[in-house]
Amino acid sequence: MTELLIKNGFVFDPINGINGEKMDIAIKDGKIVAKLSGRKPKTIDATGLTIMPGGVDIHTHIAGGEVNMGRMVRPEDHVKDAVSKTAWTRSGSGYSIPSTFITGYRYSKMGYTTVMNPSMAPLEAKHTHEELNDIPLLDKASYPLVGDWWFVLEYLKKGDLEACARHVAWMMDITKGYAIKIVNPGGLESWGFGHNVHSIDDQVPNFCITPREIICGLAKVNKMLNLPHSIHLHTNNLGLPGNYTTTLETMKALESVPYNGRPVGHITHLQFASFGGNGWGNMRSAAEDISKYINNHNHLTFDMGQVIFTDTTTMTADGPFEYTLYQLSGHKWVNSDVETETSGGIIPFHYKKSNAVNATQWSIGLELALMIDDPWKMFMTTDHPNGGPFFAYPRILAWLSSKNARMATLKHCHKKAQRNSLLPSITRELSLYELAIMTRAGQAKALGLKNKGHLGVGADADVAIFNINPETTDIARKFRTVRRAFKHAAYTIKDGEIVVKDGEVVSKATGRTMWLDVQTKEPCKVDEDMKRRFKEYWTVDYDNYPVYDRYVKVKDPITVKASV
Ligand SMILES: [Zn+2]
């Protein structure tokens, strides 16, 4: 029985409405408790420090086929960031596609305790889980790519949502997945034949179905299954000038899915989906139109996909988009088609302040985050590593909380981007309470993780303590202090154990892998016909396909009762 008392810190726990109150946090056996029974618990004196729940990342590419392909393609990425071992940690390489161990250490040093890997080709699920098993100090989960999977497209085409729901429930089990991921719906299937879809009402070749039908159909399936997270959607036309109209149409289309207080969709890396103009020459921000719609509707959540000015590696299941990036940059690239399931692509990318489009993208991400009034709707991400590596998060927190920090960067940007940026007119500076929503509370709530993102009794004892005294520090003025504090947590506590102290890892703890055990009234039929199709369509037999429970090192299945 281990007990820990964190004394006298300033607590920011938005789910429980606590905004900087000075209080103690009691921990016993890995959970937050009301009070401790032992007389002499281990104590952390948090006087003058900021306490938040452990960070939660709703969208970060840290494991699986595309991440590993990125590592193979980019030796130059590892060479510049070799990481030595310490008494507690193993060696590895870092920068935009860190090795598994370094991924765990670097997140933990920033006070993060839970991360979600948002893109898992079902055929590559075993590999993804092998990497997740390897990542220390964090709880994690993965979203299988479902939107262009042949079985799902066939069920949706027939309009048989119940059978589709049972099939998706089965997929969550056999891939050990957490949420329905949809990438450029219909576009990936088209890409198998060298094409793409260009609006949500285009026909997907061979299936007589449209992206609109895939998105709304799977959002309804998600409701029928009572999944804790909504559908997780990478929109059509992502990364292309003028795509904000597609994003608006997608958000409007999802109004048709019954909303009963729980979001019906999460649109990911919104920055990449908020481009105005009709070509790269006049590409501009559409943050005003997009945020206006979002401020007037409540059925969706979002994350930023913020751009960082650095060298990074883009990777996505959106094969046709990666091809567009290749045409723009001429850089080395990889493109792949994952049998009947999805596609994928990798290309290195250097975001530069001196490039008008890159600088405009940087501005769009921040404009959106600052113009969307409700922080419970918009979460901080870089779509790691697509917009930039996750270790740059402290810089984003400084930009969000300080106009001075934003302007200090904007003044070095391309003149055209400066002229068109909305940032000079935005005075909003987010508080520590709002930052806590955007980096942990809001993300946990949108994911339906009941024991995470807060410090109430019964929550997982995942806690981050930062060297910021909100009584004496004006975070809008002292943005460099904020950046430093969020880069090196004073303490990170995972399941009640101190895993980081003074910004250094001091533990070898392993995190858990969460997945959904979705219980449908009738199970999905795995019959001879289905097995025959595996033989015909895939290069592996059915028996080699499922990720069995034993494959997962530290298991944390979450039972969900479906209504079908
Ligand atoms: Zn992504």
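Whatever comes next refers back to the structure up there.
Residues numbered from 1 in each chain as written. Predicted model: local features only at pLDDT ≥ 70, side-chain atom pairs only at ≥ 80, totals over all residues. Heavy atoms only, no water.

**Concerning the coordination of the zinc ion**
Phase 1: The coordination sphere of the zinc ion contains the protein donors His59 (NE2), His61 (NE2) and Asp383 (OD), at a distance range of 2.1 Å.
Phase 2: Positions of the donor residues of the zinc ion along the chain correspond to the pattern H-x1-H-x321-D. One end of the pair, His61, is in the loop between strand 6 (55-57) and helix 1 (65-73); the other, Asp383, is in the loop between strand 20 (378-379) and helix 13 (393-401), and 322 residues separate them in sequence. In this structure, His61 and Asp383 share a single accessibility class: buried. (Donors = N, O, S within 2.8 Å, 3.2 Å for Na, K, Ca; no water. Helix = DSSP H or I, 4+ residues; strand = E, 2+ residues; numbered from the N terminus. Buried < 20%, exposed > 50% of the residue type's maximum accessible area, 1.4 Å probe, protein only.)

**Focus on the side chain of Asp311**
Phase 1: By the secondary structure assignment, Asp311 is in strand 17 (residues 311-316).
Phase 2: In this structure the side chain of Asp311 is engaged in a polar contact, spanning 3.1 Å, whose partner is the side chain of Arg74.
Phase 3: At a separation of 3.0 Å, a polar atom in the side chain of Asp311 contacts the side chain of Lys80.
Phase 4: Residues within four places of Asp311 in sequence aside, it is in contact with Arg74, Lys80, Tyr95, Ser96, Phe349 and His350. (Polar contact = N/O pair within 3.5 Å; in protein donor to acceptor, adjacent residues only side chain to side chain. Contact = heavy atoms within 4.5 Å.)

**Here we look at the nonpolar core**
Phase 1: Core analysis: the largest hydrophobic core is formed by 136 residues, its most contacted members being Val168, Ile180, Leu218, Leu225 and Leu400.
Phase 2: Within the second largest apolar cluster, 20 residues are counted, among which are Val11, Ile27, Leu455 and Ala459. (Core = buried A, V, L, I, M, F, W, Y, C linked by side-chain atoms within 4.5 Å.)

**Some details on the pairing of strand 21 (residues 463-466)**
Phase 1: Side-chain alternation along strand 21 places Val463 and Ile465 on one buried face and Ala464 and Phe466 on a second face that is also buried.
Phase 2: Bridge analysis of strand 5 (residues 50-53) against strand 21 gives 4 bridges, and the strand direction is antiparallel. Its bridge partner being in strand 21, Pro53 is matched across the sheet by Val463.
Phase 3: Summarising the sheet, strand 21 and strand 22 (residues 491-494) pair through 3 bridges and their orientation is antiparallel. Of the residues in strand 22, the one forming a bridge with Val463 is Ile493. (Pairing = 2+ DSSP bridges.)

**Overview of a positive patch on the surface**
Phase 1: Among the surface-exposed residues, Lys353, Arg395, Arg480, Arg483, Arg484 and Lys487 lie close enough to one another that they form a single positively charged patch.
Phase 2: It is helix 17 (residues 479-487) that provides the largest number of residues to the positive patch, a total of 4 residues.
Phase 3: Mapped onto the elements, Lys353 comes out in the loop between strand 19 (342-350) and helix 12 (356-371).
Phase 4: With relative accessibility at 33%, the residue Lys353 sits in the partly exposed group. (Patch = residues over 30% accessible without salt bridge, like charges linked within 9 Å, V, L, I, M, F, W, Y side chains within 5 Å. Areas by Shrake-Rupley, 256 points an atom, 1.4 Å probe, with all protein chains shown as cover. Salt bridge = Lys/Arg side-chain N within 4 Å of Asp/Glu carboxyl O. Lys, Arg positive; Asp, Glu negative; His and termini not counted. Charge placed at Lys NZ, Arg CZ, Asp CG, Glu CD.)

**Focus on helix 5 (residues 150-158)**
Phase 1: Looking only at helix 5, the buried set comprises Phe151, Val152, Leu153, Tyr155 and Leu156.
Phase 2: Looking at the buried positions of helix 5, the neighbouring elements they touch are helix 6 (161-175), helix 7 (187-191), helix 8 (211-224) and helix 18 (528-537).
Phase 3: Directly beyond the C-terminal end of helix 5, a positive phi value near 75° is found at Gly159.

**Section: the sheet that holds strand 11 (residues 181-183)**
Phase 1: Taken in spatial order, the 5 strands line up as 11-12-13-16-20 in an open sheet, and their pairing is parallel. Lying at the two open borders of the sheet, with one neighbouring strand each, are strand 11 and strand 20.
Phase 2: Strand direction decides the pairing type here: strand 12 (residues 231-234) and strand 13 (residues 265-267), joined by 3 bridges, are parallel. What sits directly across from His232, in strand 13, is His266.

**Digging into the sheet that holds strand 19**
Phase 1: Taken in spatial order, the 3 strands line up as 17-19-18 in an open sheet, and their pairing is antiparallel. Of all the strands in the sheet, the pair left with one neighbour each is strand 17 and strand 18 (334-338). Across this sheet, the average inter-strand angle for adjacent strands is 15°, counted without regard to direction.
Phase 2: One ladder, built from 6 bridges, connects strand 17 with strand 19; its direction is antiparallel. What sits directly across from Met315, in strand 19, is Ile346.
Phase 3: Packing of helix 1 onto the sheet brings it into contact with strand 17, strand 18 and strand 19, and relative to strand 17 it is tilted by some 140°. (Axes fitted to C-alpha atoms, helices over the stretch in contact; angles between N-to-C directions.)

**Points about the pattern of salt bridges**
Phase 1: According to the stated counting rule, one finds 30 salt bridges in the structure shown.
Phase 2: Across the pair Arg512 and Asp556 runs a salt bridge, and its minimum N-O distance is 3.3 Å. With Arg512 in the loop between strand 24 (504-505) and strand 25 (513-519) and Asp556 in strand 26 (residues 555-561), this residue pair connects regions lying 44 residues apart in the sequence.
Phase 3: The exposure class assigned to Arg512 is buried, which follows from its relative accessible area of 18%.
Phase 4: The network of salt bridges with common partners includes Lys31, Asp139, Lys452, Asp460, Asp462, Lys494, Asp495, Arg512 and Asp556.

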